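Structural overview
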Amino acid sequence: QAQLVESGGDSVQAGGSLRLSCAVSGYTYSSYCMGWFRQAPGKEREGVAGFGSGGSTRYADSVKGRFTISKDNAKNTLYLQMNTLKPEDTAMYYCAASRISEAACMTLFQSWFDYWGQGTQVTVSS
C-alpha cells in the first residue's frame, strides 16, 4: 500500500519561500508519476506541478518560474520549492502518485492519480 506524507507547509509573507516535502513508501517510487496539487478554500483542487517517471516536468501557468518540482530517489522524497510566494498561493497542498504514462502525467489530470497524501497547509499573507 503506497503511503505519501507531506510536510513543510507554513505561514509566510508575500515574496517569501517554502519547500514542501513528500515522503513516499510502499512502492517503487522512481517508476511512478508524481504530482503536487493544491486546493484553496471554496475552489476546486488544481494541478501545480508534475514529475514523470522519465524525468519530464510540467507546471501550471500560475506557478511557472516560481515553483520547482524535484525528486530525491535515494530518500524516496518529492519536493516542491516555492519562491516569490503570493497570497493567491494560499491553499492546502497535496502530493499524489500514479503509474500512468509520461504523457498522461504531464496533463496533471487528478482523476488519474491513485495515491494521495493528507496535505500540508500553505498560507501567504500580503
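Everything in this summary refers to the structure shown in the same document. (Residues numbered from 1 in each chain as written. Predicted model: local features only at pLDDT ≥ 70, side-chain atom pairs only at ≥ 80, totals over all residues. Heavy atoms only, no water.)

A short note on the overall build of the protein
- Counting secondary structure elements, the protein contains 1 helix and 11 strands.
- Tracing the protein from N to C terminus, the helices and strands come up as β-β-β-β-β-β-β-β-β-α-β-β.
- A compact globule built from 126 residues should have a C-alpha radius of gyration of about 14 Å, and the protein, at 13 Å, falls within 12% of that.
- Along the longest, intermediate and shortest principal axes, the C-alpha atoms of the protein span 40 × 25 × 25 Å.
- A burial count over the protein gives 45% of its 126 residues as buried.
- Partitioning the contacts of the protein with sequence separation of at least 6, the portion at a separation of at least 24 is 61%.
- Entry remark: accessible area of the protein is about 6100 Å², with carbon and sulfur atoms responsible for 45%.
- In the protein, 11 positive and 10 negative side-chain charges are present, and the distance between their average locations comes to 3 Å. (Helix = DSSP H or I, 4+ residues; strand = E, 2+ residues; numbered from the N terminus. Rg over C-alpha atoms; globule rule 2.2 N^0.38 Å. Buried < 20%, exposed > 50% of the residue type's maximum accessible area, 1.4 Å probe, protein only. Contact = heavy atoms within 4.5 Å. Areas by Shrake-Rupley, 256 points an atom, 1.4 Å probe, with all protein chains shown as cover. Lys, Arg positive; Asp, Glu negative; His and termini not counted. Charge placed at Lys NZ, Arg CZ, Asp CG, Glu CD.)

Here we look at the state of the cysteines
- Counted according to the given criterion, the structure contains 2 disulfides.
- Through a disulfide, cysteine 22 is tied to cysteine 95; the S-S separation comes to 1.9 Å. Since a negative S-S torsion denotes a left-handed disulfide, the cysteine 22-cysteine 95 link at about 50° is right-handed. On the criterion of sequence distance, the pair formed by cysteine 22 in strand β3 (residues 18–25) and cysteine 95 in strand β9 (residues 91–98) is long-range, its members being 73 residues apart.
- With a sulfur-sulfur separation of 2.1 Å, cysteine 33 is cross-linked through a disulfide to cysteine 105. Looking along the S-S bond of the cysteine 33-cysteine 105 disulfide, the torsion reads about 80°, which is the right-handed sense. A residue pair is termed long-range when its members are at least 10 positions apart, and cysteine 33 in strand β4 (residues 33–39) and cysteine 105 in helix α1 (residues 102–105) qualify at 72 residues. Side by side, cysteine 33 and cysteine 105 carry an identical accessibility label, which is buried.
- Taking only the cysteines that form disulfides and numbering them from first to last, the protein has the pattern 1-3, 2-4. (Disulfide = S-S within 2.5 Å.)

Concerning the packing of aromatic side chains
- Taken as a whole, this structure holds 5 aromatic pairs when the rule is applied.
- Their ring planes at 50° and their centres at 6.3 Å tell us that tyrosine 32 and tyrosine 115 sit as a pair that is tilted. Of the two residues, tyrosine 32 is situated in the loop between β3 and β4 and tyrosine 115 in strand β10 (residues 115–116); the sequence distance between them amounts to 83 residues.
- By relative accessible area, tyrosine 115 is classed as partly exposed at 26%.
- Here the aromatic rings of phenylalanine 37 and phenylalanine 113 are separated by 5.0 Å at their centres, their planes lie at 75°, and the arrangement is edge-to-face. Taken as a pair, phenylalanine 37 in strand β4 and phenylalanine 113 in the loop between α1 and β10 lie far apart in primary sequence, 76 residues in all. The two residues phenylalanine 37 and phenylalanine 113 agree in class, both being buried.
- One aromatic cluster in this structure is built from Phe37, Phe113 and Trp116.
- Between the NZ or CZ atom of arginine 45 and the centre of the ring of tyrosine 94, over which it lies, the distance is 5.6 Å.
- Over the aromatic face of tryptophan 116 sits the side chain of arginine 45, whose NZ or CZ is 3.8 Å from the ring centroid. (Phe/Tyr/Trp six-rings, centres within 6.5 Å; stacked < 30°, edge-to-face > 60°. Lys NZ or Arg CZ within 6 Å of the ring centre and 35° of its normal.)

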